[in-house]
Structure formats: C-alpha cells, structure tokens
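Structure assessment
Chain residues, written in single-letter form:
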Amino acid sequence: MIAMLAVCSAAMAQTPAVKGDVNGDGYVTTTDVTTLYNYLLIGDETYAATSDVDGDGYITVGDITVVYNIILGVTVEHEYVDLGLPSGTLWATMNVGAETPEDYGNYFAWGETTPKEVYSWTNYQWCNGKWNKLTKYCTKDTYGDNGFIDNKTELDPEDDAATANWGSEWCMPTKDQLDELYSECSWQWTTSNNVDGILVTSNHNGATLFLPASGYHFGTELYSTGTIAYYWSRTLYTARSYYAYYIYFHTSGNISVTNGDRDTGYTVRAVRVSKN
C-alpha cells in the first residue's frame, strides 16, 4: 500500500479528450492509474501533459483518486485543492453555498446548517434566548441552561454546515486545521475576478486557494464585505462555551485564528482528508 505522497510535481497544462484517460487510448481504466503511479514512483513523464486529472496544477495521489472515482462511477460534486499539508487536509475551492471561488456563499451561526435572515442569541438554535443559556456544546455550567453541560467540543455531523450541505466526505475544519493552514502557507491580499480576498499559497507545493473577504452577518445586516472575513471552525472555545474558533483576516494584513460569539453569521470553507 502506498502512503499519501508529500512530493508534488507541476504538470504541463493539457486536457485529454476523455477526463481520466491519462495514456490517451480513449478509455479510462486501471492502466491510467498505473500510468500515474509510474510518474509518481519512478518519474516516467511520458504522459505528464495529461496526468493533472484534477486540474490543480500538480500531479499527486489526488489525480489517482479522481481516476479511480471515474472508473467506479463515483461523482465528487465539489472540487478541492491539495496544498501538500502535513495532515493531508484537502481544502474546498469555494465556500459552502457558493457557485464560484469568488462567491461569498451562505452565512451560518455556529452549529446551524441553514442561513437565516436574523442572526442573534434570541433565535440561535442551541440556546434558550441568551448566550448563558446554552442547550448544546457547553463545558461550563455557568453558560448552560439551568447548569446544562454536555462537554461536546466538536460539532456533531448533523450540526456541521459542510457535512449537512455537502455530504459525509466534507466537514468544517478543526481549529488545528485552521492553525495548519495559517502556519504552512503564505497569505497575500489580492483581487480575483473583481472580488477582494486572500490568496493562500502552500509552502509545500505552491498550490493556491482563494478566500473571498465575505464580511459577516449580525442581526439583519451584512457587514464589511470586501475588507474583512471570518471562516468558522467546528471547534468550541471551551473557556467560554458561547464562543467558537474561526480564522479572521482583514485588508490591513491582520490574520489570526481566534474565537467569538456562536450566534454570528460567518462563512464556511469545507475540508476533507486524503486517505492512504
């Protein structure tokens, strides 16, 4: 069995007539998988021009996965980028609810799976009207309704906006995955298709990810689009159970993984994890 490979190689841009037909014989078979293995393991570049099956600019085990999925008839509806991260985390190319990488997508209160018109504690799903009357995800009785505690520190799948909307292969990132994205990549303010945001570039393989400056929803209003962004994690801030972790960035260059009120509407960028 071959473990996930950390080394990536840039591919020449060329699209085969049939997606996944790496060797150009007109069919997608296990021979195409073997061709990719030969490139990765022994450096056979005969079909390098058509080996970037997933179109991320690199030839990796992710391309093998795509070919296997084509052979098995499995459809992956949402695209991702392999940044070569140590954890194997693969980041979606767009926000949950978006149609392009530049779209803001939907806004979610933490632990809720559908957008809404008003974001506040009075209508937050996991409390009885106040920040200190939590009914789920609480580690201190001072914040729980009538002393409620369940000691849950990560969102259940049914409360994860990525899983609920995109399926079981996807989830919201943990705080550790946000920390990894921050520390293992470079971050540069940029504009993509007239949308302001951050270009995240991997320090491992040079692959990139665009995060639009989507602002945030509070009450009935949408604030600070184009200048600021908050992206939820699925991890609770245990010192104050009414907070959860997110990654924040601002046009000023300030970027941090921090925490804030669960009732506020932030965007979600989904992740999945590469398997052996």
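Shown above is the structure to which this text applies.
We now turn to the structure provided with this report. Only a predicted model underlies this, so the values are computations on that prediction, with no experimental measurement involved.

Here the focus is the sheet that holds strand 3 (residues 80–82). Spatial ordering of the open sheet is given by 3-4-13, a layout of three strands whose pairing is antiparallel. This sheet does not close on itself; its edge strands, each paired only once, are strand 3 and strand 13 (271–273). Adjacent strand axes in the sheet meet at a mean angle of 30° when their direction is disregarded. Pairing geometry for strand 3 and strand 4 (residues 89–92), over three bridges, is antiparallel. Pairing of Asp-82 across the sheet is with Leu-90, part of strand 4. The sheet contacts of helix 4 (residues 175–183) involve strand 4 and strand 13, and relative to strand 4 the element is tilted by about 85°.

Here strand 7 (residues 208–212) lies mainly inside the structure; four of its five residues are buried. Summarising the sheet, strand 6 (residues 195–202) and strand 7 pair through five bridges and their orientation is antiparallel. Residue pairing for strand 7: Val-200 is matched across the bridge by Leu-209. Counted along the chain from strand 6 to the antiparallel partner strand 7, the turn is five residues long, and its residue Gly-206 has a positive phi close to 80°.

Quick look at the nonpolar core now. If you look at soluble globular proteins, the nonpolar side chains tend to sit buried side by side. Judged by nonpolar contacts, the single largest core of 37 residues is most densely connected at Trp-110, Met-172, Trp-232 and Val-268. Sorting the residues of this core by element identifies strand 4, helix 3 (161–166), strand 10 (228–236) and strand 11 (243–250) as the ones contributing at least two each. Among the elements that make up this core, the one with the highest residue count is strand 11 (five residues). In this structure, Met-172 is in contact with Trp-110, Leu-155, Asp-160, Ala-161, Ala-162, Gln-177, Trp-232, Ser-233, Arg-234, Val-268 and Val-271, ignoring residues within four places of it in sequence. Counting residues in each nonpolar core, the second largest holds 22 residues, with Tyr-58, Ile-198, Ala-207 and Leu-211 among its members.

What counts, and where the lines are drawn
- Residues numbered from 1 in each chain as written.
- Predicted model: local features only at pLDDT ≥ 70, side-chain atom pairs only at ≥ 80, totals over all residues.
- Heavy atoms only, no water.
- Pairing = 2+ DSSP bridges.
- Helix = DSSP H or I, 4+ residues; strand = E, 2+ residues; numbered from the N terminus.
- Axes fitted to C-alpha atoms, helices over the stretch in contact; angles between N-to-C directions.
- Contact = heavy atoms within 4.5 Å.
- Buried < 20%, exposed > 50% of the residue type's maximum accessible area, 1.4 Å probe, protein only.
- Core = buried A, V, L, I, M, F, W, Y, C linked by side-chain atoms within 4.5 Å.

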